[in-house]
Amino acid sequence: DGGITQSPKYLFRKEGQNVTLSCEQNLNHDAMYWYRQDPGQGLRLIYYSQIVNDFQKGDIAEGYSVSREKKESFPLTVTSAQKNPTAFYLCASSPSRTGDEKLFFGSGTQLSVL
Amino acid sequence: AQSVSQHNHHVILSEAASLELGCNYSYGGTVNLFWYVQYPGQHLQLLLKYFSGDPLVKGIKGFEAEFIKSKFSFNLRKPSVQWSDTAEYFCAVAFSGGYNKLIFGAGTRLAVHP
């Protein structure tokens, strides 16, 4: 069954802690994306990657880091530098590197601060 | 800065009413345009997209959207809504020079009452 798998579904972070959100896809897509969804603000782009071992900052990259060591995996780390991490995080992928194909979304991870 | 605006954050309609959701973007160059929908408890999914050609595009479930270049708009329409159309709708734009960086509007929550 092809798709994008995000884990965990719910995640809690303590003050000063780094946490990593997992995103795996078996669609053989080149491009992968991380978005943050806040009520009333829609989706904001954190990082994106068009190819393995390469990624670019989105509009709100501060306090986040990513890696793209494998085509199918694009984990997002929320660092202690991110002062307002509570949000719903969505991972997406696309067969196109040039933005002319639709995005396939995962089911999301809700991150909350303890 | 490139931005996408959705005018209505919440819309409430009765079944069989007509729907029009506004979307404007801030850039005068070439764009790829999308409408995504998120039904309660489900993933974001593509409703329709416009890249070029006929500015009136038809999507799934009876939705359509019209690209008006002079107004930088891509409004979503449906002649007669159903209760099952209750969802959150997102306009998204990929701007030239960064087609792989999809920018989303804040979203419109639509509630359709029977």
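(A) Seen up close, the pattern of salt bridges. Summed over all chains, the structure comprises eight salt bridges over all chains. Put simply, Asp38 of chain A and Arg36 of chain A hold a salt bridge, and the shortest N to O gap is 2.8 Å. Comparing Asp38 of chain A with Arg36 of chain A, the two get one shared label, buried. Arg109 of chain B is the salt-bridge partner of Glu88 of chain B, the closest N and O atoms lying 3.5 Å from each other. One end of the pair, Glu88 of chain B, is in strand S10 (residues 87–95); the other, Arg109 of chain B, is in strand S12 (residues 108–113), with 21 residues separating them in the sequence.

(B) Looking closely at the interface of chain A and chain B. Contact with chain A, which involves 22 residues of that partner, is made by 20 residues of chain B. Taken together, the links from chain A to chain B amount to zero salt bridges. Taken together, the connections running from chain A to chain B amount to five residue pairs in polar contact (both at pLDDT 80 or more). If you list the elements that add at least two residues to the side of chain A that touches chain B, you get strand S4 (31–38) and strand S5 (42–51) of chain A. It is S5 of chain A that provides the largest number of residues to the side of chain A that touches chain B, a total of five residues. Among the residues making up the side of chain A that touches chain B, the classes are represented as eight nonpolar, nine polar and five charged.

(C) Looking closely at the sheet that holds strand S3 (residues 19–25) of chain A. All names here are of chain A. Reading across from one edge, S1-S3-S8-S7 is the order of the four strands in this open sheet, with antiparallel pairing throughout. Unpaired on one side and paired on the other, strand S1 (4–7) and strand S7 (64–66) mark the two borders of the sheet. Between one strand and the next, the sheet's axes are offset by a mean angle of 20°, whatever the strand orientation. Relative to S3, S1 runs antiparallel, the two being bridged by four bridges. For Thr5, the partnering residue across the bridge sits in S3 and is Glu24.

(D) Quick peek at the packing of aromatic side chains. Throughout the structure, instances matching the rule amount to 17 aromatic pairs over all chains. Ring geometry for Tyr35 of chain A against Phe105 of chain A: centres 6.3 Å apart, planes inclined by 45°, an arrangement best described as tilted. Of the two residues, Tyr35 of chain A is situated in strand S4 and Phe105 of chain A in strand S10 (residues 104–105); the sequence distance between them amounts to 70 residues. Residues Tyr47 of chain A and Phe55 of chain A carry aromatic rings whose centres are separated by 5.9 Å and whose planes lie at 80° to one another, so their mutual orientation is edge-to-face. The exposure class assigned to Tyr47 of chain A is buried, which follows from its relative accessible area of 7%. Under the relative-accessibility criterion, Phe55 of chain A is labelled partly exposed at 37%. Pairwise contacts between aromatic rings join Tyr33, Tyr35, Tyr48 and Phe105 of chain A together with Phe34, Tyr36, Phe51, Phe90 and Phe104 of chain B into one cluster. Positioned over the ring face of Phe74 of chain A is Arg68 of chain A, at 6.0 Å from the centre of the ring.

(E) Representation of the state of the cysteines. Residues and elements named next belong to chain B. Enumeration over the complete set of coordinates arrives at two disulfides over all chains. Across a sulfur-sulfur distance of 1.9 Å, Cys23 and Cys91 are joined as a disulfide pair. Its S-S torsion of approximately -65° makes the covalent link between Cys23 and Cys91 left-handed. A residue pair is termed long-range when its members are at least 10 positions apart, and Cys23 in the loop between strand S3 (19–21) and strand S4 (24–25) and Cys91 in strand S10 qualify at 68 residues. On the basis of relative accessibility, which here comes to 0%, the residue Cys23 falls in the buried class. A residue is classified by how much of its surface remains accessible, and Cys91, at 0% relative accessible area, is buried.

Rules behind the numbers
Residues numbered from 1 in each chain as written. Chains lettered and ligands numbered in written order. Predicted model: local features only at pLDDT ≥ 70, side-chain atom pairs only at ≥ 80, totals over all residues. Heavy atoms only, no water. Salt bridge = Lys/Arg side-chain N within 4 Å of Asp/Glu carboxyl O. Buried < 20%, exposed > 50% of the residue type's maximum accessible area, 1.4 Å probe, protein only. Helix = DSSP H or I, 4+ residues; strand = E, 2+ residues; numbered from the N terminus. Contact = heavy atoms within 4.5 Å. Polar contact = N/O pair within 3.5 Å; in protein donor to acceptor, adjacent residues only side chain to side chain. Nonpolar A, V, L, I, M, F, W, Y, C, P; charged D, E, K, R; others polar. Pairing = 2+ DSSP bridges. Axes fitted to C-alpha atoms, helices over the stretch in contact; angles between N-to-C directions. Phe/Tyr/Trp six-rings, centres within 6.5 Å; stacked < 30°, edge-to-face > 60°. Lys NZ or Arg CZ within 6 Å of the ring centre and 35° of its normal. Disulfide = S-S within 2.5 Å.

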